[in-house]
Amino acid sequence: MIRTVESPPPASAPVLAAYSYCEAVTGQQARNFAYGIRLLPTPKRRAMSALYAFSRRVDDIGDGALAADVKIARLEDTRTLLDRVRAGKVEEDDTDPVAVALSHAASAFPIPLGGLDELIDGVLMDVRGETYETWDDLKVYCRCVAGAIGRLSLGVFGTEAGARGTERAAEYADTLGLALQLTNILRDVREDAEGGRTYLPSDDLAKFGCSAGFDGPTPPEGSDFTGLVHFEVRRARALFAEGYRLLPLLDRRSGACVAAMAGIYRRLLDRIERDPEAVLRGRVSLPGREKAYVAVRGLSGLDTRHVSRRSPVRQTARRRT
């Protein structure tokens, strides 16, 4: 069970400057993430920006053009920096603003920093070119690069005092991360293929005649690409349905943040489902006005109320089976 620290320690001028740097990185590079964290109170928003900036650094190493051995060395250097943060050995006047901000955030909130080790492990899988035969194999990767982010975020959000079922909050956060990551994988299938990466399970690709890969704007000849996409969409929707059970366990603004971020990805999933081949022609995205609408919907608490109404029914149904 996780509880939010209600009154984080005051931040000094160097720490505030470090947070400002992380918020700038988040605003410039986080297309969907930034819409959600705008709904948080300032201390939580800053902490989430620190988490994003560190995660972005790890991702950029993995996605860069350096040789694999250099990437591995830099990722291990990043893990060493994380060890310094974990040990409380980053001073406020350190020259690395991300380390300063993350260190302060970790002192203010019960953030399970081991999740960032998992993220590094996941990016190392990318660097080493791992592929995934089954969904169970892919879930290991998704839990590293996305489920861990859900659990890290929960450390900042905390759980609402008096909420029932908070002992499963981390599980729901992890599952929601898997839903977001599978949506990312579907959206980026062509871009990843051009970079020499394949994430969808090879068993699924074979089942729908797509083992040849996706190196052009049209599906492999003779394949059932639409069937493949719809199959993965159904899997993602089931993950969203389970992960959304996190919402009633959060305070209003944290729940709004999660609902906004997850809502954007669910709408991406809707677009992909309507036109599966769009992911082969270019990057599927939402216009800013639609993202803003999702953020407002999240702040209204509509998604949280919807989940709260449905949960008892599902629990009763399970008890009867």
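Residues numbered from 1 in each chain as written. Predicted model: local features only at pLDDT ≥ 70, side-chain atom pairs only at ≥ 80, totals over all residues. Heavy atoms only, no water.

**Quick word on the overall build of the protein**
Assigned secondary structure in the protein consists of 15 helices and zero strands. A burial count over the protein gives 52% of its 321 residues as buried. Relative to all contacts within the protein whose residues are 6 or more apart in sequence, the contacts with residues 24 or more apart total 74%. Total accessible area computed for the protein in this model is approximately 14,800 Å², and 50% of it derives from carbon and sulfur atoms. (Helix = DSSP H or I, 4+ residues; strand = E, 2+ residues; numbered from the N terminus. Buried < 20%, exposed > 50% of the residue type's maximum accessible area, 1.4 Å probe, protein only. Contact = heavy atoms within 4.5 Å. Areas by Shrake-Rupley, 256 points an atom, 1.4 Å probe, with all protein chains shown as cover.)

**Brief notes about the side chain of Glu290**
Here Glu290 shows up in helix H14 (residues 288-300). Judged by its relative accessible area of 17%, Glu290 is buried. One polar contact links Glu290 to Arg267, side chain to side chain, over a distance of 3.0 Å. Residue contacts for Glu290: discarding those within four places in its chain leaves Arg267 and Arg271. (Polar contact = N/O pair within 3.5 Å; in protein donor to acceptor, adjacent residues only side chain to side chain.)

**With respect to helix H12 (residues 252-274)**
With 23 residues, H12 extends 32 Å between its outermost C-alpha atoms, agreeing within 8% with the 33 Å of an ideal straight helix rising 1.5 Å per residue. Measuring from the backbone nitrogen of Arg253 back to the side-chain oxygen at the start of H12 gives 3.1 Å, which picks out Asp251 as the cap. (Expected span 1.5 Å × (residues − 1).)

**Observations regarding helix H4 (residues 68-86)**
Taking 1.5 Å of rise per residue, the 19 residues of H4 would be expected to cover 27 Å, and the 27 Å separating its terminal C-alpha atoms lies within 8% of that figure. Buried within H4 we find Lys71, Leu75, Thr78, Arg79, Leu81, Leu82 and Val85. Buried positions in H4, seen along its axis, are confined to an arc of 160 degrees and lie on one side of it. Among the exposed residues of H4, those pointing more than 90 degrees away from its buried face are Asp69 and Asp77. (Arc of directions from axis to C-beta.)

**A short note on the state of the cysteines**
Structurally, a disulfide amounts to a covalent bond that connects the sulfur atoms of two cysteines. Tallied over the full model, the rule gives zero disulfides. Unpaired in terms of disulfides, Cys144 finds its nearest cysteine sulfur in Cys142, a separation of 9.4 Å. (Disulfide = S-S within 2.5 Å.)

**Here we look at the confidence of the model for the protein**
On average, residues of the protein carry a pLDDT of 90, and 89% of them reach 70 or more. Counting interchain partners and residues more than four positions distant, the pLDDT-below-50 stretch residues 312-321 has four contacts. (pLDDT = per-residue confidence, 0-100.)

**Examining the pattern of salt bridges**
Evaluation of the coordinates by the stated rule reveals 29 salt bridges. The residue Arg79 makes a salt bridge to Asp121 at a minimum N-O spacing of 2.8 Å. Here Asp121 lies in helix H6 (residues 114-127) and Arg79 lies in helix H4, a separation of 42 residues in the sequence. We note a salt bridge from Arg283 to Asp188, for which the minimum N-O separation is 3.3 Å. Taken as a pair, Arg283 in the loop between helix H13 (278-281) and H14 and Asp188 in the loop between helix H8 (169-187) and helix H9 (189-194) lie far apart in primary sequence, 95 residues in all. (Salt bridge = Lys/Arg side-chain N within 4 Å of Asp/Glu carboxyl O.)

**Observations concerning the packing of aromatic side chains**
According to the stated counting rule, one finds five aromatic pairs in the structure shown. A centroid spacing of 6.3 Å and a plane angle of 75 degrees characterise the contact between Phe240 and Tyr244, whose relative ring orientation is edge-to-face. By the burial criterion, Phe240 is buried, and Tyr244 matches it. Grouping aromatic residues by their ring pairs yields a cluster made of Tyr132, Tyr141 and Tyr199. (Phe/Tyr/Trp six-rings, centres within 6.5 Å; stacked < 30°, edge-to-face > 60°.)

**Some remarks on the nonpolar core**
Counting 101 residues, the largest nonpolar core has Leu116 and Phe240 as its most contacted members. Of the residues forming this core, the biggest block, 11 residues, is contributed by helix H7 (residues 135-157). In this structure, Leu116 is in contact with Leu51, Phe54, Ser55, Leu82, Leu102 and Leu152, ignoring residues within four places of it in sequence. (Core = buried A, V, L, I, M, F, W, Y, C linked by side-chain atoms within 4.5 Å.)

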